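Okay, here's what each chain looks like letter by letter:
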Amino acid sequence: MADVLSQSEIDALLSALSSGDVDADEIREEAPSQVVRPFDFTRPSKFSKDQLRTLRMMHEVFCRTAQTQLSALLRAVVEIEVASADQMAYGEFINSMPTPTLINVVTMEPLEGNAVVNVDLSIVFSIIDRLVGGPGTHRPRLRELTEIELALTGGITDVLLGAFSEAWETVAPMQIRSVATEMNPQFAQVVPHSDMVVLITFEMRIGKASGTLALCVPYIVLEPVIGRLSAQSYLSTAAAVASEETRDDIAERLSVVSVPVAAELGGTELKVSDLLALSVGDVIPLAAAPGGDVTVRVGRRVAFRAQPGTRGRRAAVQITGVCDDPERTTE
């Protein structure tokens with residue numbers, strides 16, 4: 001039906017309405033309902049669901065690395081797993097933290113700006129107890145850490161930040177370093193309260209003690225690399241890094257493998273009766289001319305030709321050439 005009715009169509013419609021052939025209620029078109037979406041201007045979405053999933057996958061690598069290194073350092077079973085990856089205003093994150101708590105303000109060089117790593121004091125006191133020889137069950141009242149306690153946690157912080165750096169390597173090679181330590185969340189003002197951040201929360205268990213670990217990174221810090229946080233980009237980069245690491249790992253392992261190397265001066269054939277009749281002082285002539293090359297075997301493979309000699313008090317050979325048929329093996 002055309003958008004504009006002709007005069008004859010209008011006259012026919014009016015005539016049908018007057019005669020009752022057409023009911024006005026049946027042809028009345030209802031105005032289309034408008035779809036209204038709620039939008040909170042105080043919390044604009046900066047990270048897509050795909051990017052949040054990618055961040056979660058990235059930090060599963062952090063969990064494996066950190067728990068292995070911490071288990072060796074603390075001599076206890078350490079378990080770390082990703083609890084959530086979400087976006088929120090920085091003010092919400094600050095207000096959600098208890099006081100006191102352990103906060104490390106960190107840099108993510110070469111990215112500009114600061115991020116925050118927060119560890120619950122309940123798990124911190126357990127770690128300190130283990131570091132000083134205790135069972136990790138000491139539970140003092142929540143208080144600010146002393147200078148000595150902060151120094152004891154420095155090694156643990158270095159392990160965590162190193163594991164974070166390794167997890168982020170597939171997105172953007174960076175070095176995460178601690179630049180300040182705070183116990184009051186209100187003093188950790190890295191961005192305005194209204195700025196959006198991504199918060200990755202971890203559940204951490206050391207023996208019977210448990211607590212949370214959190215990494216808070218402002219959007220403004222990640223903006224230069226935000227395009228690399230898609231799952232497709234991350235997985236392809238991770239596969240390339242994994243294959244390169246696998247090659248390097250195999251090469252490193254092979255470099256220290258012991259391989260038997262032997263120089264064969266010559267050979268001959270003997271009857272069993274002659275072999276059984278050999279005694280001290282007998283001479284076995286070899287099928288090799290004096291001054292000729294000897295064969296060098298690597299494992300069972302004939303690999304080189306060489307000249308026999310000595311080096312100091314040890315017998316030695318000097319390689320003179322490569323075997324023409326490297327696939328040939330000795331019986």
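Draft legend 1. Seen up close, the sheet that holds strand 9 (residues 301-311). An order of 7-8-9-10 is seen for the four strands of this open sheet, with the pairing classed as antiparallel. Whereas interior strands pair on both sides, the edge strands pair on one side only; in this sheet they are strand 7 (261-264) and strand 10 (314-322). Neighbour to neighbour, the strand axes of the sheet diverge by 40 degrees on average, direction disregarded. Where strand 9 lies against strand 10, eight bridges are found, and the strand directions are antiparallel. Each residue of the ladder has a partner; that of T310, found in strand 10, is A315.

Draft legend 2. Spatial organisation of the packing of aromatic side chains. What the rule picks out here adds up to five aromatic pairs. Joined through ring pairs, the aromatic side chains of F62, F164 and F202 make up one cluster.

Draft legend 3. Representation of the nonpolar core. Counting 56 residues, the largest nonpolar core has F62, I80, M108, W168 and F202 as the members making the most contacts within it. F202 has contacts with H59, F62, C63, I80, E81, V82, A83, F164, G211, T212, L213 and L215, leaving out every residue within four places of it along the chain.

Draft legend 4. Structural detail: unusual backbone geometry. In the segment running from T99 into P100, the intervening peptide bond is cis, with an omega of 5 degrees. Residues E109 and P110 are joined by a peptide bond in cis, for which omega reads 10 degrees. Its location among the elements puts P110 in the loop between strand 2 (102-109) and strand 3 (114-119). Residue R75 is not a glycine yet carries a positive backbone phi of 55 degrees. The topology assignment puts R75 in the loop between helix 3 (49-74) and strand 1 (78-89). When its relative accessible area of 75% is taken as the criterion, R75 is described as exposed.

Draft legend 5. Broad picture of the pairing of strand 6 (residues 209-218). Among the 10 residues of strand 6, eight are classified as buried, and the element is accordingly described as predominantly covered. Of the strand pairs in this sheet, strand 3 and strand 6 are connected by four bridges, and their pairing is antiparallel. Each bridged residue has a counterpart across the sheet, and for V117 the counterpart in strand 6 is L215. As paired elements, strand 5 (residues 196-206) and strand 6 share 10 bridges and run antiparallel to each other. Following the sheet pairing, V197 is matched in strand 6 by P218. Taking the residues between adjacent antiparallel strands as the criterion, strand 5 and strand 6 are bridged by two residues, where G207 takes a positive phi near 60 degrees.

Draft legend 6. Molecular detail of the packing of helix 5 (residues 121-131) against helix 6 (residues 147-168). Packing of helix 5 against helix 6 leaves a shortest axis separation of 10 Å and a crossing angle of 90 degrees. The angle between helix 5 and helix 6 falls in the class roughly perpendicular. Here helix 5 contributes V124, F125, I127, I128 and L131 to the contact with helix 6, which in turn contributes E149, L152, T153 and I156.

Calculation rules
- Residues numbered from 1 in each chain as written.
- Predicted model: local features only at pLDDT ≥ 70, side-chain atom pairs only at ≥ 80, totals over all residues.
- Heavy atoms only, no water.
- Pairing = 2+ DSSP bridges.
- Helix = DSSP H or I, 4+ residues; strand = E, 2+ residues; numbered from the N terminus.
- Axes fitted to C-alpha atoms, helices over the stretch in contact; angles between N-to-C directions.
- Phe/Tyr/Trp six-rings, centres within 6.5 Å; stacked < 30°, edge-to-face > 60°.
- Core = buried A, V, L, I, M, F, W, Y, C linked by side-chain atoms within 4.5 Å.
- Buried < 20%, exposed > 50% of the residue type's maximum accessible area, 1.4 Å probe, protein only.
- Contact = heavy atoms within 4.5 Å.
- Parallel < 35°, antiparallel > 145°, perpendicular 65-115°, else oblique.

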